[in-house]
There are 2 protein chains.
Amino acid sequence: MDDRPIGIFDSGVGGLTSINAFSEVLPHESIVYFGDTARAPYGTKSPATVRAFSREIADFLVKQGAKILVAACNTSSSIALDAIKEDHPDIPVVGVIKPCAARIAEVCTPENSIGVIATPVTVESGAYEKEIRKISQELNVHSIGCSAFVPLIESGAFNTPAMDAAIKHTLDEFIRENQVDTLVLGCTHYPIIRPNIEKLFPWLSIIDPSMALAMEVRRILTRYGLLASEWQGSRMFYASDLSSKFLGIIQMLGISGDYVLKQHAL
Amino acid sequence: MDDRPIGIFDSGVGGLTSINAFSEVLPHESIVYFGDTARAPYGTKSPATVRAFSREIADFLVKQGAKILVAACNTSSSIALDAIKEDHPDIPVVGVIKPCAARIAEVCTPENSIGVIATPVTVESGAYEKEIRKISQELNVHSIGCSAFVPLIESGAFNTPAMDAAIKHTLDEFIRENQVDTLVLGCTHYPIIRPNIEKLFPWLSIIDPSMALAMEVRRILTRYGLLASEWQGSRMFYASDLSSKFLGIIQMLGISGDYVLKQHAL
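Residues numbered from 1 in each chain as written. Chains lettered and ligands numbered in written order. Predicted model: local features only at pLDDT ≥ 70, side-chain atom pairs only at ≥ 80, totals over all residues.

With that settled, consider the confidence of the model for chain A. In this model, chain A carries an average pLDDT of 93, and 100% of its residues clear a pLDDT of 70 or more. This complex was scored by the predictor with a pTM of 0.88 and an ipTM of 0.82. (pLDDT = per-residue confidence, 0-100.)

Residues and elements named next belong to chain A. Here the domain parsing of chain A yields domain 1 (6–95 + 211–263) and domain 2 (97–209). Each of domain 1 and domain 2 has a C-alpha centre, and the two are 21 Å apart. Listed per partner, the contact involves 27 residues of domain 1 and 25 residues of domain 2. Looking at the side of domain 1 that touches domain 2, the elements with two or more residues in it are α2 (47–63), α3 (74–79), α11 (210–223) and α12 (244–253). Residue contributions to the side of domain 1 that touches domain 2 peak at 5 residues, all from α3. The residue makeup of the side of domain 1 that touches domain 2, split by class, is 11 nonpolar, 13 polar and 3 charged. (Domains from an automatic or database assignment. Contact = placed C-beta atoms within 7 Å. Helix = DSSP H or I, 4+ residues; strand = E, 2+ residues; numbered from the N terminus. Nonpolar A, V, L, I, M, F, W, Y, C, P; charged D, E, K, R; others polar.)

Residue and element names in this part refer to chain B. Helix α11 (residues 210–223) packs onto helix α5 (residues 97–107) with a crossing angle of 110° between their chain directions and a minimal axis gap of 8 Å. Put simply, α5 runs roughly perpendicular to α11. Seen from above, α5 lies across α11 with right-handed handedness. On α11, the residues that touch Pro99, Cys100, Ala102 and Arg103 of α5 are Ala212, Leu213, Met215 and Glu216. (Axes fitted to C-alpha atoms, helices over the stretch in contact; angles between N-to-C directions. Parallel < 35°, antiparallel > 145°, perpendicular 65-115°, else oblique. Left-handed = near helix turned anticlockwise from the far one by under 90°.)

Further remarks concern the interface of chain B and chain A. Many descriptions give the size of an interface as the accessible area lost when the pieces come together. On the side of chain A, 26 residues touch chain B, which itself brings 26 residues to the contact. Where the side of chain B that touches chain A is concerned, the elements lending two or more residues are α2 (47–63), α8 (149–154) and α9 (161–177) of chain B. Top element by residues in the side of chain B that touches chain A is α9 of chain B. It accounts for 5 residues. Partitioning the side of chain B that touches chain A into residue classes produces 12 nonpolar, 9 polar and 5 charged.

To continue, consider the relation of the copies chain B and chain A. When chain B is fitted to chain A, the best match, at an RMSD of 0.0 Å, comes from turning it 180° and sliding it 0.0 Å along the axis. These values place the two chain copies in the arrangement generated by a two-fold rotation axis. For chain B, the smallest separation between a C-alpha atom and the rotation axis is recorded for Arg39 of chain B, amounting to 2.1 Å. With an isologous cut-off of 70% or more, the 100% of interface residues of chain B that recur at the interface of chain A puts this contact in the isologous class. (Least-squares fit on C-alpha atoms with pLDDT ≥ 70 in both.)

In structure tokens:
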């Protein structure tokens, strides 16, 4: 038994889309979340900068007593995990991409055409393809970097014609040319625009990695004997910038249960 | 005579749009520029965060020997100048909004309908209206916060249908309802999308504050005896994140003459 919190981080508000999955799968766990809203977005910045920011966040979460470090952020997961593991060799470090790849291999067959949408940094890293190939050589995977989505979502413009135009412009040709039937939301921000995507491409099966990530974390906590006692855990959300827009997105996500919200600059 | 550099800063690449104006108006001056690309955008973050970041940059530029601090960034100019002046009482501190307001009052009459487009933070500060009202009570000024423009530009999406859709969606009603005939680019990033705006609203007169800012800096340097000697100055551009996208935007801006480019994290 270990009542220390699970440390989860993201480049901004995106990672909060996975909080409900964690509450469902691990209801007794305490969570300390850090969203780097003051420096978001990550996915269009250089890998060195993303790595440096991710390590700073991991250090902060460890100081808050995290018993496991969870990179909800796909961009960080694709390029910063090794550095974080080196900094904290005594703490399990989990990214979102590996459990999502396992989930894809579970639900897809070689007849499917899988489309991974992610930030440019994630796509350039090839992390999704690598993890999927490790499990199966036969799956058809195509990836596309969507540089405009996160900035538009972080600016609060998710429910606008501009967002729809950006999605259509970025994905239309990609989906048709590759005959994509299964779309992986390879960025924690994309569940926020899932309604827009479903409206524009209603025939797609959509995979949101949140649940696979929460299940993987439960598996690791169980294996290492790190699960919390049988009571309701607390939830503390830190953001490096607590703007009114950020609060609006939290509200829009409909996060269930209690939480405390704090600003903390790194 | 004072051969120390002019210190110019912006939230990201935007301020570089004013570099050619400085080179034209002040050809002998050395420039040290800082673009906070690792933490851009600013205009959708909270005033406290923007103020803290702006002060860090000002400190850095003073350490680089800046003889004057120029906030090319409208967002910083609208809310961070007083804090920077307090930190550096012995150095002139200039923002872009005041000289631009003077320029507007010079070229517009009460018959004009002036539309200021800027980031949400700049618009909420009311800085443009305040500065214009100080000069003239009779001018008709309307402002609108454009949260999606900078994120889209910083993501490299300035030449896409998504950018056009964002501009049309944000400005169409604003321009028609207020019968705007003169549009002020109240953010250093907007000159990058000036072609998009001119294509969509070809009847507008457009005011880019760069030249007014460079002229104001020349006036101050002259007044305080701080002009450089009669030789070609050097130009050093720092960015907190030097991504390939950043280099692409620099190239696209067509900055004339030599410059040195360096990464520096704050």
